[in-house]
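These are the residues of each chain, in order.
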2 protein chains.
Amino acid sequence: MNNRRIPKYILLKNELLSWFESGKLKPGQQVPSENEIAEQFGLSRQTVRQTFSELEKEGWLERIQGKGTFARFPGRRESELVKTIGIMTTYISDYIFPHIVRGAEAELRSRGYRLLLSSTDNNKDKEMESLKLMTSQPLSGLIIEPTKSAEGNPNLGYYLELQEKGIPYLMINEKYRELECPLLRVDDELGGYKAADHLLANGHSRIAGFFKRDDLQGVNRLKGFLAAHKARGVAVAPKRVVTYTTEQKNDLPFRQALQLLSGAAEERPTAFVCYNDELAVSLMGAALQLGLRVPEDVSFVGFDDSMLASASGTKLTTLTHPKTAMGRDAASQLIAMIEEGLAPGDTLYEPELVERDSVVNLNVNV
Amino acid sequence: MNNRRIPKYILLKNELLSWFESGKLKPGQQVPSENEIAEQFGLSRQTVRQTFSELEKEGWLERIQGKGTFARFPGRRESELVKTIGIMTTYISDYIFPHIVRGAEAELRSRGYRLLLSSTDNNKDKEMESLKLMTSQPLSGLIIEPTKSAEGNPNLGYYLELQEKGIPYLMINEKYRELECPLLRVDDELGGYKAADHLLANGHSRIAGFFKRDDLQGVNRLKGFLAAHKARGVAVAPKRVVTYTTEQKNDLPFRQALQLLSGAAEERPTAFVCYNDELAVSLMGAALQLGLRVPEDVSFVGFDDSMLASASGTKLTTLTHPKTAMGRDAASQLIAMIEEGLAPGDTLYEPELVERDSVVNLNVNV
DNA sequence: CCACTATAGTTGTACGTACAAGTTGTATGA
DNA sequence: TCATACAACTTGTACGTACAACTATAGTGG
């Protein structure tokens, strides 16, 4: 038999562990004394002691001299439970991200979790670095805003490692196609559609679209932008659609806008749909620089309803982004995954158009 | 003797641990066999085994059947070292705080520390809650932006607890007078002075000052504001100095500004010094609402050189705040405190005036 | 009623023996 | 030269004894 090779104290240990599993031993309950066990199993007290001392080190038993041996909560997990959740965003200080973080932080704090923050600066190397650092010490779960998702993902291995380690995670804004996890995102395609449709409905036909192409948000907004034109039967002039990458964002769009706006009046776009509010404010600056008025000469629609939209000179018409709510929902879904092992489905937020002062209605002039 | 009460196996354990400390035992080195130790110390092999098995569980020794017992890396402390630093700010998403956090995060990440983030919402109860949560699990150090510092501090006990636990901390922006710790702050008095002096130098004499009174920053900026008037020999009309608390900030200042600006032209302030850019943008809105032009009719000076200052319609003249640099410095000073036990002195940043478009020079009209 | 004592029962410490199992080097033999 | 066997050593398992230290309780005495 193989049994003869397994040490008795190990056999006893397994026996006792099965007592925990079957519920025969409940937390706080007293375990038979060393001598009783020894007699019962036909072992010496020393052998029982060896078993007990291992189980004590592992947290299953508590031995009190003179009193007895007691079962502890099955695996001390509750008391030593790590309650720390990480959030990895592309940027920390800019734009809407602080609001997402704030929503998550408030929810986590109220649920007794600590929040670890890290930024990737939209850089794959830093993303890897952040992942390693976060997981270098105990972690309950992770909220990830992916980096440059339209391109590949060289850090896939690290994410798979998360799964192996049993660290649940979810993604916000977008997700890597290769990974299976819950996603919270805005319906960007619908947003792009609504933005363009609003302008078309207001009589604009020469609409410029500026979109980021190295993240899915930009790609989807562009998709909606095109769909709205198609639905209204308006052709999109390729030269009025400008796409750019993260590296170019401070330079290329502005120059392209200047060029478009410098053209002849009958060729000039009457409206701009901008990837986000930040870009919209920047391009409004380009228009002002050329002596054009907003919205009389050029209309603008932004995205995300950020602080910039209402702080700028001409209050910006824009599409909402759930921001704080998204952070809060992400946190609460992640906690559900951790504590109850649930696997929530994706969450899709519908952006709403917020009409302010940056769009003129061309129809009334007719 | 007391020695007789200390178990022999504990004495042996301490002896062996001292071998590690003295360097007598180096990683990988073979330890004398159980029998040798037993003979050498006049103990039974069983007693030596008890010591060895404890040291093995704690990671000091590695025992290999048939081969011997070996010393392991001296205490694995490096690998299990906690490298997590917390940062507690009043607000997370608003204004300049994301920039401070970003500076700190970048520095910490490059030094291999994780960043825990928590906000107090400028509320003493939440401050306590955050403190408790942060310290509920291992923490290396803490960066604190105090809550409502001009009032008392009911959470003093928790801060003293930090000292007892040996968790170093430092404060940014301001500090509780009762606590002795490094402080990084802007010279707000100088800032207030520079703001008022700039306006006075440009020929303004009826200058309104709006300051928060429940934090030291506001109090100090007001102090500088008054000092500049005194230095220039200009009297300050009490009705033009408005102070407010955090709770009132969205309401009272705006109404007061409307009232001041609605007065007769010869009584109306020609310029406003505002507690920060956020308030300045809000009060500029009040001026516009009354049909006044900025800066032609009313000039504005803000504080902090935030994104609002350059995103707003009229670009705001304001005073710089180190923001990102302050976060970075705070992080690096805290790491020095943790790793080298240093106690850095206070750091004072000098604000610089950034001239933009919101101040008119009245002298040229003369 | 309370304080004290004795006692039984528990785990902790300490020693002992015996043999099993694994590693290493040496001696032996083909 | 190479493979094998063996001896000597290591740690692992298992049992045994004895007493110390601690806890809880029942009984005793004031």
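Bear in mind the structure is a predicted one, so any value in this text is a computation, not a measurement.

Some words on the pattern of salt bridges
All names here are of chain A.
Then comes step 1: Scanning all chains against the criterion turns up 44 salt bridges over all chains.
Then comes step 2: Between K194 and E350 there is a salt bridge, with the nearest N and O atoms lying 3.8 Å from each other. On the criterion of sequence distance, the pair formed by K194 in helix α7 (residues 188–201) and E350 in the loop between β14 (347–349) and β15 (353–354) is long-range, its members being 156 residues apart.

Examining the environment of A208(B)
Residue and element names in this part refer to chain B.
Then comes step 1: If you trace the backbone, A208 turns up in strand β9 (residues 207–212).
Then comes step 2: A208 sits 61 residues away from P269 along the chain, and the two C-alpha atoms are 6.0 Å apart.
Then comes step 3: Apart from the residues lying within four places of it in its own chain, the contact partners of A208 are F225, R240, L260, P269, A271, F272 and V273.

Comments concerning the relation of the copies chain A and chain B
Then comes step 1: Here chain A sits on chain B after a turn of 179° about the axis and a move of 0.5 Å along it, with an RMSD of 1.3 Å. The operation mapping one copy onto its partner corresponds to a two-fold rotation axis.
Then comes step 2: Taken as a fraction of all interface residues of chain A, those also at the interface in chain B reach 100%, which identifies the copy contact as same-surface.

Description of the interface of chain A and chain B
Then comes step 1: At the interface, 36 residues of chain A touch 36 residues of chain B.
Then comes step 2: Carbon and sulfur atoms supply 57% of the area that chain A and chain B bury against each other, a total of about 3,200 Å² over both sides.
Then comes step 3: Where chain A touches chain B, the interface holds zero salt bridges.
Then comes step 4: Taken together, the connections running from chain A to chain B amount to ten residue pairs in polar contact (both at pLDDT 80 or more).
Then comes step 5: Only α3 (45–57), α4 (97–110), β5 (114–119), α5 (124–135) and α11 (307–311) of chain A provide two or more residues apiece to the side of chain A that touches chain B.
Then comes step 6: Here the side of chain A that touches chain B is built from residues that sort into 16 nonpolar, ten polar and ten charged.
Then comes step 7: Note: β5(A) against strand β5 (residues 114–119) of chain B, three bridges, orientation antiparallel. Within β5(B), the residue paired with L117(A) across the bridge is L115(B).

A few points about the protein's contact with DNA strand C
Then comes step 1: The local shell around DNA strand C holds 25 residues, among which R45(A), T69(A), K8(B), Q46(B) and T47(B) are the closest.
Then comes step 2: Among the atoms of DNA strand C close to the protein, meaning within 4 Å, 62% are from sugar or phosphate groups.
Then comes step 3: K8(B) is positioned such that a nitrogen or oxygen atom in its backbone is 2.5 Å from a phosphate oxygen of DNA strand C.
Then comes step 4: Those elements giving two or more residues to the surface near DNA strand C turn out to be α2 (34–41), α3, β2 (61–64) and β3 (68–71) of chain A together with α1 (8–22) and α3 (45–57) of chain B.

Details of the packing of aromatic side chains
Then comes step 1: Per the counting criterion, the structure on display carries 14 aromatic pairs over all chains.
Then comes step 2: Three or more aromatic residues joined by ring pairs form one cluster here, namely F210(A), F272(A) and F300(A).
Then comes step 3: Taking the ring centre of W19(A) as reference, the NZ or CZ of K24(A) above it sits at 4.2 Å.
Then comes step 4: Here the guanidinium or amino end of K249(B) rests over the ring plane of Y91(B), the centre of that ring lying 5.8 Å away.

Considerations on the sheet that holds strand β11 (residues 271–274) of chain A
Residues and elements named next belong to chain A.
Then comes step 1: The mixed open sheet is built from six strands, whose spatial order is β10-β9-β11-β12-β13-β15. Every interior strand has two partners, whereas the edge strands, β10 (241–244) and β15, have only one.
Then comes step 2: Docked against the sheet, α7 engages β9 (207–212), β11, β12 (299–304), β13 (317–320) and β15, running at close to 160° with respect to β12.

Notes on the nonpolar core
Then comes step 1: The biggest cluster of nonpolar side chains holds 106 residues, and the ones touching the most others in it are F210(A), F272(A), F300(A), F210(B), F272(B) and F300(B).
Then comes step 2: Among the nonpolar cores identified, the runner-up in size contains 32 residues, and L179(A), L183(A), M88(B) and M134(B) belong to it.

Examining the side chain of T317(B)
Then comes step 1: Looking at the secondary structure, you find T317(B) in strand β13 (residues 317–320).
Then comes step 2: Apart from the residues lying within four places of it in its own chain, the contact partners of T317(B) are H198(B), F300(B), V301(B), G302(B), L353(B), V354(B), E355(B), R356(B), D357(B), S358(B) and V359(B).

Description of the protein's contact with DNA strand D
Then comes step 1: Around DNA strand D sit 26 residues, and of these K8(A), Q46(A), T47(A), G66(B) and T69(B) come closest.
Then comes step 2: Restricting the count to atoms of DNA strand D within 4 Å of the protein gives a sugar and phosphate share of 64%.
Then comes step 3: Here a base nitrogen of DNA strand D and a side-chain polar atom of R45(B) are 2.9 Å apart.
Then comes step 4: Between DNA strand D and the protein, one listed contact pairs a base oxygen with a backbone N or O atom of G66(B) at 3.0 Å.
Then comes step 5: Elements with a contribution of two residues or more to the surface near DNA strand D: α1 (8–22) and α3 of chain A together with α2 (34–41), α3, β2 (61–64) and β3 (68–71) of chain B.
Then comes step 6: Element by element, the count of residues in the surface near DNA strand D is highest for α3(A), at four residues.
Then comes step 7: Along the lines of polarity and charge, the residues of the surface near DNA strand D split into four nonpolar, 13 polar and nine charged.

Regarding the confidence of the model for chain A
Then comes step 1: When pLDDT is averaged along chain A, the result is 86, and 94% of the positions lie at 70 or above.
Then comes step 2: Under a pLDDT of 50 for its full length, residues 75–79 of chain A has, in the predicted model, four contacts with residues more than four places off or in other chains.

Side note on the sheet that holds strand β1 (residues 30–31) of chain A
All names here are of chain A.
Then comes step 1: If you trace the three strands from one edge of the open sheet to the other, you get β1-β3-β2, paired in antiparallel fashion. Of all the strands in the sheet, just β1 and β2 have a single pairing partner and so form its edges.
Then comes step 2: Relative to β3, β1 is paired through two bridges, and the arrangement is antiparallel. Its bridge partner lying in β3, Q30 is registered against F70.

What counts as what
- Residues numbered from 1 in each chain as written.
- Chains lettered and ligands numbered in written order.
- Predicted model: local features only at pLDDT ≥ 70, side-chain atom pairs only at ≥ 80, totals over all residues.
- Heavy atoms only, no water.
- Salt bridge = Lys/Arg side-chain N within 4 Å of Asp/Glu carboxyl O.
- Helix = DSSP H or I, 4+ residues; strand = E, 2+ residues; numbered from the N terminus.
- Contact = heavy atoms within 4.5 Å.
- Least-squares fit on C-alpha atoms with pLDDT ≥ 70 in both.
- Buried area = accessible area lost by both parts, 1.4 Å probe.
- Polar contact = N/O pair within 3.5 Å; in protein donor to acceptor, adjacent residues only side chain to side chain.
- Nonpolar A, V, L, I, M, F, W, Y, C, P; charged D, E, K, R; others polar.
- Pairing = 2+ DSSP bridges.
- Near = heavy atom within 4 Å.
- Phe/Tyr/Trp six-rings, centres within 6.5 Å; stacked < 30°, edge-to-face > 60°.
- Lys NZ or Arg CZ within 6 Å of the ring centre and 35° of its normal.
- Axes fitted to C-alpha atoms, helices over the stretch in contact; angles between N-to-C directions.
- Core = buried A, V, L, I, M, F, W, Y, C linked by side-chain atoms within 4.5 Å.
- Buried < 20%, exposed > 50% of the residue type's maximum accessible area, 1.4 Å probe, protein only.
- pLDDT = per-residue confidence, 0-100.

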